[in-house]
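Structural features, examined
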Amino acid sequence: MKWSVFTVATPDLNPEELAAAAHEAGVEGIEWRFKETPEDTLQEEPSFWRHNRCSIDPRGTEEEWLRFDKVAKEYNLRSIAVVPYLTCGDIEGTERVMKAAKLLGASFIRAGIPGYDGSENYHDLYKQAVHYLESVERLAADYGIKALVETHHKTIAPSAGLAHKLVSHFDSRHVGVLYDPGNMVHEGYENFRMGLELLGPYLAHVHVKNAGYRMTKSENGHHTEWLGEWVPLSHGIVSWPQVIADLKSVGYDGYLGIEDFSGTYPSKEMLKHFVQQMQEWTK
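Residues numbered from 1 in each chain as written. Predicted model: local features only at pLDDT ≥ 70, side-chain atom pairs only at ≥ 80, totals over all residues. Heavy atoms only, no water.

Some thoughts on the overall build of the protein chain
Of regular secondary structure, the protein chain possesses nine helices and eleven strands. Taken over C-alpha atoms, the radius of gyration comes to 18 Å for the protein chain, in line with the 19 Å a tight globule of 283 residues would show. Considered along the principal axes of its C-alpha atoms, the protein chain spans approximately 55 × 45 × 40 Å. Residue burial in the protein chain is summarised as follows: out of 283 residues, 53% are buried. Across the protein chain, every contact between residues at least 6 apart in sequence was considered, and the portion connecting residues at least 24 apart equals 75%. Of the accessible surface of the protein chain, which amounts to about 13100 Å², a share of 48% is contributed by carbon and sulfur atoms. Taken as two groups, the 28 positive and 41 negative side-chain charges of the protein chain have centres that lie 3 Å from each other. (Helix = DSSP H or I, 4+ residues; strand = E, 2+ residues; numbered from the N terminus. Rg over C-alpha atoms; globule rule 2.2 N^0.38 Å. Buried < 20%, exposed > 50% of the residue type's maximum accessible area, 1.4 Å probe, protein only. Contact = heavy atoms within 4.5 Å. Areas by Shrake-Rupley, 256 points an atom, 1.4 Å probe, with all protein chains shown as cover. Lys, Arg positive; Asp, Glu negative; His and termini not counted. Charge placed at Lys NZ, Arg CZ, Asp CG, Glu CD.)

What follows is the structure in structure tokens.
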């Protein structure tokens, strides 16, 4: 297996700093965050989802996008993905991401799927997602870029089973699954090996992070509630040694991409710690 980093998790580093730190740590691939940084956040401290200094601006030119390809190549790294925050049905936006991925020589992007909060019926949202992914599959074939559905809480694909239900309509050469066990702590847990066996050829990438639960009082103070929160890799619900064993059992030999939101370490130290942990757990 190989190591990669999704730059959402390294908001304090610019692309040049990130590439240098990744190379030093032994990371081989980069998943570039594809999201504009609002002007009103630039005076804030760097943060994962607002002032992220390691993001490709979707409004940028191809020349500006090529900066990211250049810096990766300078450090002998591969740009494996361009990762946007797409809305289901946004074909124009999806094609723009495909163009950026093609330009950088990346292999995949993340497709947009509907969120789920109970306000709309799952079956209606599912039909919308299938209709959208039909167009995405055609774009993926045209551009030679695979589109991935991520297992993510608060969406219609929180588990491997529900992600598979979506992607099984499509050719696994063009549409696949980004498997994220950390997200599945919040919602969507299934036996890891069973889920991986179900995904089969649709398993395309894996994100590495961890989460746990914290007990807190309800707003009215009448009962306790358990809240999910991000924690260090070795301190959460996900047993990564077991997940890695399960990945090996299905023949997965792709990238494991760090996406640690615990804030335990500064970005450079986080990358080194991630590689050390992966090397220990994949022996």
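Regarding the nonpolar core
Core analysis: the biggest nonpolar cluster contains 81 residues, and W32, M98, L166, Y179, L256, L271 and F274 have the highest contact counts within it. Sequence-distant contacts of L256, that is, excluding residues within four places in its chain, are made with M1, K2, W3, S4, V206, V208, I244, L247, F274 and M278. In terms of nonpolar packing, the next biggest core, distinct from the first, is built from eleven residues, F6, V8, L148 and L178 among them. (Core = buried A, V, L, I, M, F, W, Y, C linked by side-chain atoms within 4.5 Å.)

Quick look at the packing of aromatic side chains
Scanning all chains against the criterion turns up nine aromatic pairs. Residues W3 and F274 carry aromatic rings whose centres are separated by 6.3 Å and whose planes lie at 80° to one another, so their mutual orientation is edge-to-face. With W3 in strand 1 (residues 2–6) and F274 in helix 9 (residues 267–281), the pair connects residues that are 271 residues apart, well separated along the chain. Both residues of the pair, W3 and F274, count as buried. A ring pair is formed by W32 and F68, whose centres lie 5.0 Å apart and whose planes are at 75°; its orientation type is edge-to-face. Of this pair, W32 sits in strand 2 (residues 29–34) while F68 sits in helix 2 (residues 62–74), and the two are 36 residues apart along the sequence. With respect to burial, W32 and F68 carry one shared label: buried. Members of the aromatic cluster, connected to one another through ring pairs, are F48, W49, W230 and F261. Over the aromatic face of Y255 sits the side chain of K2, whose NZ or CZ is 5.0 Å from the ring centroid. Directly above the aromatic system of Y85 lies the positively charged group of R110, at a separation of 4.7 Å from the ring centroid. (Phe/Tyr/Trp six-rings, centres within 6.5 Å; stacked < 30°, edge-to-face > 60°. Lys NZ or Arg CZ within 6 Å of the ring centre and 35° of its normal.)

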